[in-house]
Amino acid sequence: MTATIKLNDGNEIPVIGFGTFQIPNDGSTYRAVSDALKLGYRHIDTAVAYFNEAEVGRAIKDSGIPRDQIWVTSKLWLQDFGFEAATKAIETSLTKLGLDYMDLYLIHQPYGDVPGAWRAMEAAKQAGKIRSIGVSNMTTKIWQSFVPQFVTKPAVNQVEFNPYFQQRPLRELLAADEVKLEAWAPLGQGNQALLNEPVITKLAEKYGKDAGQIILRFENQSGIIVFPKSVHPARIKSNLEIFDFELTTSEMTAIEQLDTDHGQHNPDADGVQAILLSAFDVHADN
Ligand SMILES: NC(=O)c1ccc[n+]([C@@H]2O[C@H](COP(=O)([O-])OP(=O)(O)OC[C@H]3O[C@@H](n4cnc5c(N)ncnc54)[C@H](OP(=O)(O)O)[C@@H]3O)[C@@H](O)[C@H]2O)c1
């Protein structure tokens, strides 16, 4: 069992999981998720917009691991915002995953009829189809424009996070409501500059670990939930092996110095909603 952390709704989420963004639905997702489950991951992060929910679901089913021992997250795409469309999209994701319930379901991108989508998610939670509900890509500005009107507080906000982008103001805001931050791009999406930062490679040498493990351990010790993605079994394995060493306070401080206070993606930028909306048609494979 991997360690868990308690969300503000009382549910316990594994602190490390497996990410599936950009893993194709040609059998690769089935293979990678099957490998991850065999290696001990008990938390899988997918989304309708990744077009691989069906393979995630099949890998979970074929693993033979009891359903209640695996945490499954999926996300609602922009096309399906508003109460009715979101209600239908939740059923579609459950069908694709082959599951009776999802552990966590997120507003993937915070634009358009977010309040309507949120009400549908609250209703699905009430009906037992989703255990925890949360949001993603909410900056402090977007958070303040939507969340104060929500009846149910989000359990998490899944945002870009790694040593180059440590989201300090957002973390302060979330901490006030005991909302956990989940990191996407915890390894900077394989950013070589980050993986080769001297402060990180030196610590890797000291602990006999690789750069990815130092970065993930830093994030874990910062209280962040992570789900690194890899299609390579050796990395899937090593990314989980971060609990047999501990960074000291001064080592944590040294990595904190890498923060540039911005990331690859700026959810506040003009035109983001239109770009994202035209990026995927999540109804294409219905
Ligand atoms: N909510 C959102 O908007 C959003 C956005 C993006 C991602 N996500 C979620 O967050 C998850 C993680 O983010 P991500 O996949 O974008 O990026 P990531 O996990 O930071 O990085 C994945 C990349 O790093 C490489 N990699 C994996 N382990 C490595 C290691 N130990 N050393 C060096 N390179 C390594 C992988 O290559 P190989 O596969 O070749 O090993 C892949 O190219 C996603 O899979 C998805 O579930 C959510």
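Predicted model only: the values in this text are computed from it and were never measured.

Caption draft 1: Summary view of the site of the ligand. Near the ligand you find 27 residues, and of these Asp45, Leu187, Gln189, Ser230 and Arg235 are the closest. Coverage of the ligand by the protein chains reaches 89% of its 900 Å² of free accessible surface. Because more than half of its atoms lie within 2 Å of the grid, the ligand is assigned to the largest pocket. Residues that form the shell around the ligand fall into these classes: ten nonpolar, 13 polar and four charged.

Caption draft 2: Layout of the side chain of Arg42. Tracing the sequence through the fold places Arg42 in the loop between helix 1 (28-39) and strand 4 (43-45). Buried Arg42, no salt bridge; nearest opposite-charge side chain is Asp68, N-O distance 9.1 Å. Within polar-contact distance, the side chain of Arg42 engages the backbone oxygen of Leu37 at 2.9 Å.

Caption draft 3: Spotlight on the environment of Ala155. Looking at the secondary structure, you find Ala155 in the loop between helix 5 (140-146) and strand 8 (156-160). Ignoring sequence-local partners within four residues, the contact set of Ala155 consists of Leu7, Asn8, Asp9, Ser132, Ile133, Gly134, Val179 and Lys180.

Caption draft 4: Expanded view of the nonpolar core. By size, the foremost hydrophobic cluster in this structure holds 78 residues, and its most contacted members are Phe18, Leu76, Ile90, Tyr105, Ile107, Met121 and Met138. It is helix 4 (residues 114-126) that contributes the most residues to this core, six residues altogether. Leaving out residues up to four positions away in the same chain, Ile90 has contacts with Met102, Tyr105, Ala120, Met121, Ala124 and Ile130. Residues Leu7, Val15, Leu106 and Phe227 belong to the second largest nonpolar core, which totals eleven residues.

Caption draft 5: Region of the structure containing the packing of aromatic side chains. In total, this model carries six aromatic pairs according to the counting rule given. With 5.6 Å between their ring centres and 70° between their planes, Phe18 and Tyr41 make a pair best called edge-to-face. With Phe18 in strand 3 (residues 18-19) and Tyr41 in the loop between helix 1 and strand 4, this residue pair connects regions lying 23 residues apart in the sequence. Neither Phe18 nor Tyr41 differs from the other in exposure class; each is buried.

Caption draft 6: Geometry of the pattern of salt bridges. Taken as a whole and judged by the stated rule, the model has eleven salt bridges. Lys125 is the partner of Asp9 in a salt bridge, and the nearest nitrogen-oxygen pair spans 3.8 Å. With Asp9 in the loop between strand 1 (4-6) and strand 2 (12-14) and Lys125 in helix 4, this pair connects stretches of sequence that are 116 residues apart. For the salt bridge of Asp103 with Arg67, the shortest nitrogen-to-oxygen distance reads 2.8 Å. Pair noted here: Asp103 is in strand 6 (residues 102-107) and Arg67 is in the loop between helix 2 (53-63) and strand 5 (71-76), with a separation of 36 residues, a long-range link.

Caption draft 7: Looking closely at helix 8 (residues 198-207). Buried within helix 8 are the following residues: Ile200, Leu203 and Ala204. In an axial view of helix 8, the angular spread of the buried residues amounts to 105°, which keeps them on one side of the axis. Residues of helix 8 that are exposed and angled more than 90 degrees away from the buried face: Pro198, Lys202, Glu205 and Lys206. Here the buried face of helix 8 lies against helix 7 (192-195), helix 9 (211-221) and helix 11 (249-256). Gly208 sits one or two positions beyond helix 8 and adopts a positive phi of about 65°.

Cut-off values and rules
- Residues numbered from 1 in each chain as written.
- Predicted model: local features only at pLDDT ≥ 70, side-chain atom pairs only at ≥ 80, totals over all residues.
- Heavy atoms only, no water.
- Near = heavy atom within 4 Å.
- Areas by Shrake-Rupley, 256 points an atom, 1.4 Å probe, with all protein chains shown as cover.
- 1 Å grid on protein atoms, 1.4 Å probe; cavity = no way out; pocket = protein on both sides within 12 Å on 5 of 7 lines; lining within 4 Å.
- Sits in = over half its atoms within 2 Å of the grid points.
- Nonpolar A, V, L, I, M, F, W, Y, C, P; charged D, E, K, R; others polar.
- Helix = DSSP H or I, 4+ residues; strand = E, 2+ residues; numbered from the N terminus.
- Buried < 20%, exposed > 50% of the residue type's maximum accessible area, 1.4 Å probe, protein only.
- Lys, Arg positive; Asp, Glu negative; His and termini not counted.
- Salt bridge = Lys/Arg side-chain N within 4 Å of Asp/Glu carboxyl O.
- Polar contact = N/O pair within 3.5 Å; in protein donor to acceptor, adjacent residues only side chain to side chain.
- Contact = heavy atoms within 4.5 Å.
- Core = buried A, V, L, I, M, F, W, Y, C linked by side-chain atoms within 4.5 Å.
- Phe/Tyr/Trp six-rings, centres within 6.5 Å; stacked < 30°, edge-to-face > 60°.
- Arc of directions from axis to C-beta.

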